[in-house]
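# Structural features, examined
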Amino acid sequence: MRDLGGTPQLVALSMPLEPVAPSSGYRFRSIALIADYPDTPTAARHTARHVLAEWGLERLADDVELCVSELVGNAIHHATPDGRHVQLAGARRVVVAFRYWPRSLFVEVSDEDSTPPTLPAGDPLDPSNGSGDALLAEGGRGLFIVQSLADATWWAPVDQGGKSVFCRFDLGGGPTGIE
């Protein structure tokens, strides 16, 4: 705004608009898998390891591969389609996506069930009962593992039905993700 003789005037600058491009550090890969195929968990793990090797993040491969395995396993064993998704040839789908920025790697596993994921109830642990199996509830161990390995874990509903479970791995502050 300029003040010309006490009267405020708006000044518009004419600048061409250019599309916003993701930073050069951004990378994305995804794979859609049929949940009921017996090799789906193996394909998801191999994809995770391959993507991380391609991006120079091999040091995260074991943790990311385990998280992908747990999340895909949950989707295969627990997810029942809502009926709002258009299914691929009538088969249940699981989509695994990887997003890499210079400081973070995000892993997303989507399925067609809108039911929120659940963690163990959080009952107090009593190791004195003599059974190691009693330390964790029957369900939720996989998400407990994911939460233990990743720097953050959350989920979100998908507009068309279903949900996505995310986990984030912090990479540090350097340009290659290594401090």
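Residues numbered from 1 in each chain as written. Predicted model: local features only at pLDDT ≥ 70, side-chain atom pairs only at ≥ 80, totals over all residues. Heavy atoms only, no water.

### Quick notes on a nonpolar patch on the surface
- Taken together, the side chains of L66, F144 and I145 present a nonpolar region at the surface, about 230 Å² in accessible area.
- Take F144: it is sitting in helix α3 (residues 141-149).
- Note on F144: relative accessible area 41%, which makes it partly exposed. (Patch = residues over 30% accessible without salt bridge, like charges linked within 9 Å, V, L, I, M, F, W, Y side chains within 5 Å. Areas by Shrake-Rupley, 256 points an atom, 1.4 Å probe, with all protein chains shown as cover. Salt bridge = Lys/Arg side-chain N within 4 Å of Asp/Glu carboxyl O. Helix = DSSP H or I, 4+ residues; strand = E, 2+ residues; numbered from the N terminus. Buried < 20%, exposed > 50% of the residue type's maximum accessible area, 1.4 Å probe, protein only.)

### Concerning helix α1 (residues 40-54)
- Taking 1.5 Å per residue as the helical rise, α1 with its 15 residues ought to reach 21 Å, and the 21 Å between its terminal C-alpha atoms agrees with that figure.
- Buried within α1 are the following residues: T40, A44, T47, A48, V51 and L52. In a view along the axis of α1, the buried residues occupy a sector of 120°, so they form one face of it. Every exposed residue of α1 that faces more than 90 degrees away from the buried side is listed here: H46 and H50.
- Buried residues along α1 sit against β3 (27-34), α2 (61-78), β4 (93-101) and β5 (104-111).
- Two residues or fewer past α1, G56 is found with a positive phi of approximately 75°. (Expected span 1.5 Å × (residues − 1). Arc of directions from axis to C-beta. Contact = heavy atoms within 4.5 Å.)

### What about the confidence of the model for the chain?
- On average, residues of the chain score 79 in pLDDT, and 65% of them are at 70 or above.
- Looking at the elements of the chain, mean pLDDT is at its lowest for strand β1 (residues 2-4), recorded as 48, and at its highest for α1, recorded as 97.
- Of the regions scoring below 50 in pLDDT, residues 8-15 engages in seven contacts with residues more than four places distant in sequence or in other chains.
- Predicted confidence is poor over residues 17-22, with pLDDT under 50, and the contacts of this stretch with residues over four places away or in other chains come to zero contacts. (pLDDT = per-residue confidence, 0-100.)

### Section: the environment of I145
- Looking at the element boundaries, I145 is found in helix α3.
- Looking at I145, the relative accessible area reads 31%, which means it is partly exposed.
- Along the sequence, I145 and D63 sit 82 residues apart, while their C-alpha atoms lie 9.6 Å from each other.
- If we skip the residues at most four places from it in the chain, I145 touches L66 and E70.

### Section: the pairing of β4
- In the sheet, β3 pairs with β4 via eight bridges, with the strands oriented antiparallel. Within β4, the position partnered with L33 by the bridge is V94.
- Note that β4 and β5 share seven bridges and pair antiparallel. Residue pairing for β5: A97 is matched across the bridge by E108. (Pairing = 2+ DSSP bridges.)

### Remarks on the environment of V51
- One can find V51 in helix α1.
- Taking C-alpha positions, V51 is 8.0 Å from F98, a pair spaced 47 residues apart along the chain.
- Setting aside anything within four residues of it in sequence, one finds V51 in contact with R29 and F98.

### What to know about the nonpolar core
- One finds V64, V68, V96, F98, L105 and F169 to be the most contacted residues of the largest nonpolar core, which totals 31 residues.
- Contributions of two or more residues to this core are made by α1, α2, β4, β5, α3 and β7 (163-170).
- Examining the composition of this core, we find that eight residues originate from one element, α2, more than from any other.
- Beyond its immediate chain neighbours, meaning those up to four positions away, F98 contacts R27, F28, R29, T47, A48, V51, W55, V64, V68, F106 and V107. (Core = buried A, V, L, I, M, F, W, Y, C linked by side-chain atoms within 4.5 Å.)

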